Amino acid sequence: MNASAPGKLLPIVRTVGELRRVVCGWQRASESVALAPTMGALHRGHLALVERGRALCPRVVASLFVNPTQFGPNEDFSRYPRDEAADAGLLAGVGCDLLYAPDVAEMYPDGFATSVDPGPIAERQCGPFRPGHFAGVATVVSKLLLQSQADVALFGEKDFQQLQVIRRVARDLDIPVVIEGVPTVRESDGLALSPRNVYLTPEQRAVAPVLHRTLAEMARRIEAGESIAAVSAAGLGAVRAAGFTSVDYIDVADAETLRPLERLDRSGRILGAVWLGKTRLIDNVAVVPKR
Ligand code: AMP
């Protein structure tokens, strides 16, 4: 174990054995443990996970692993922003107790062959546009949950389909952990914080908030009683007209299963994915029936 970031004392472990030794020590002392999995390039959204973890458990572990198996061949794995020392400093500043930063060989040793297939929930929305992505996420998150043996694990609503995939997998595989969703942290103009926002040119950055604005307006209209079909068509038209390079999907779905929602008779979620140049942005908002 070594400390990083001058002046801050955030211990870092890089192997499953070291991680388990620390976590088991806490749990033997009756201290429950929260895990916040990340791919680094941390911003206030990630730190909100750690802060929520702190509120729920006396101990919080963050993990930092840029998982190669969830990136497609033409995606940004090699240029994904990486700065472990800066991340460790930020984590220490919000009271994180431990950083788990394994390398690829620790996560996927020679001979590694198993994959977790999350089933139909991964086949909608982002699924068709990112083949293999959710299997990559489900596999690495299952491993992180089992490696850490955390009592609680925190995931952002920013990646809502990912959150619901992870809930499904944890239930189906009887992984003994409570999955907690954390609301999306946004810029003041509504753009969801993401490490990928640094790729945007000033012109693209000006268009980007239209995604959230459109989804929020769709939710308002559906909650006011307009038909989901009509509002979906209008929403799609609005993002197409806004100057995005292309639109992967705008979708109104059941909030739990992510199957299509035809009527607002239960909790829904409006999800969207668009491109600005080579940068893909996703976002989502809740849509709930009036009681
Ligand atoms: P990433 O490092 O992008 O894989 O994200 C790690 C975790 O942080 C995931 O659970 C994300 O959903 C969450 N996250 C990322 N951006 C935000 C945000 N703007 N607000 C809340 N959570 C976020």
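Before any of the text, the structure's been laid out above.
Residues numbered from 1 in each chain as written. Predicted model: local features only at pLDDT ≥ 70, side-chain atom pairs only at ≥ 80, totals over all residues. Heavy atoms only, no water.

Draft legend 1. Seen up close, the site of the ligand. Around the ligand lies a shell of 17 residues, among which M39, G156, D159, V185 and L193 are the nearest. Between M39 and the ligand, the recorded distance is 2.9 Å, taken from a backbone N or O atom to an oxygen atom. Taking 490 Å² as the accessible area of the ligand by itself, protein coverage stands at 94%. For the shell around the ligand, the secondary structure elements donating two or more residues are β3 (33–38), α2 (44–56) and β6 (152–156). In terms of residues, the shell around the ligand owes the most to one element, α2, which gives three residues. In the shell around the ligand, the residues fall into eight nonpolar, seven polar and two charged. (Near = heavy atom within 4 Å. Polar contact = N/O pair within 3.5 Å; in protein donor to acceptor, adjacent residues only side chain to side chain. Areas by Shrake-Rupley, 256 points an atom, 1.4 Å probe, with all protein chains shown as cover. Helix = DSSP H or I, 4+ residues; strand = E, 2+ residues; numbered from the N terminus. Nonpolar A, V, L, I, M, F, W, Y, C, P; charged D, E, K, R; others polar.)

Draft legend 2. Region of interest: the sheet that holds strand β10 (residues 279–287). Pairing within the open sheet is antiparallel, and its three strands lie in the order β8-β9-β10. Edge positions in the open sheet fall to β8 (246–254) and β10, since each of these has one partner strand only. Between one strand axis and the next, the sheet turns through 10 degrees on average, direction left out of account. In this sheet, β10 lies alongside strand β9 (residues 268–276) in antiparallel orientation, the contact comprising nine bridges. Bridge assignment links W275 to a residue of β10, and that residue is R280. Packing against the sheet, helix α8 (residues 210–223) makes contact with β8, β9 and β10, and its axis sits at approximately 25 degrees to β10. (Pairing = 2+ DSSP bridges. Axes fitted to C-alpha atoms, helices over the stretch in contact; angles between N-to-C directions. Contact = heavy atoms within 4.5 Å.)

Draft legend 3. Representation of the environment of T15. Counting through the fold element by element, T15 comes out in the loop between β2 (10–13) and α1 (16–28). On the basis of relative accessible area, T15 is assigned to the partly exposed category, the value being 29%. Each C-alpha atom of the pair T15 and V185 lies 31 Å from the other, and the pair is 170 residues apart in sequence. Apart from residues no more than four positions distant in its own chain, T15 is found in contact with Y100 and E106. (Buried < 20%, exposed > 50% of the residue type's maximum accessible area, 1.4 Å probe, protein only.)

Draft legend 4. Region of interest: the pattern of salt bridges. Using the criterion set out here, one finds 20 salt bridges in the structure. Between R59 and D97 there is a salt bridge, with the nearest N and O atoms lying 3.3 Å from each other. Placement of the pair is R59 in strand β4 (residues 59–64) and D97 in the loop between α3 (84–93) and β5 (98–100), with a sequence separation of 38 residues. Given a relative accessible area of 23%, R59 falls into the partly exposed group. What makes D97 buried here is its relative accessible area of 17%. Across the pair R266 and D265 runs a salt bridge, and its minimum N-O distance is 2.7 Å. Taking the relative accessible area as the measure of exposure, R266 reaches 36% and is therefore partly exposed. Using a relative accessible area of 42% as the deciding quantity, one classes D265 as partly exposed. Overlapping salt bridges bring together E31, R54, R59 and D97 as one network. (Salt bridge = Lys/Arg side-chain N within 4 Å of Asp/Glu carboxyl O.)

Draft legend 5. Examining the nonpolar core more closely. Core analysis: the largest hydrophobic core is formed by 42 residues, its most contacted members being V61, L145 and I179. Those elements that place two or more of their residues in this core are α1, β3, β5, α5 (133–148), β6, α6 (160–172), β8 and β9. Looking at this core, the element that brings in the most residues is α5, giving seven residues. Those residues in contact with V61, other than ones at most four positions away along the chain, are L19, V23, W26, V33, A34, L35, A36, C96, L98 and Y100. (Core = buried A, V, L, I, M, F, W, Y, C linked by side-chain atoms within 4.5 Å.)

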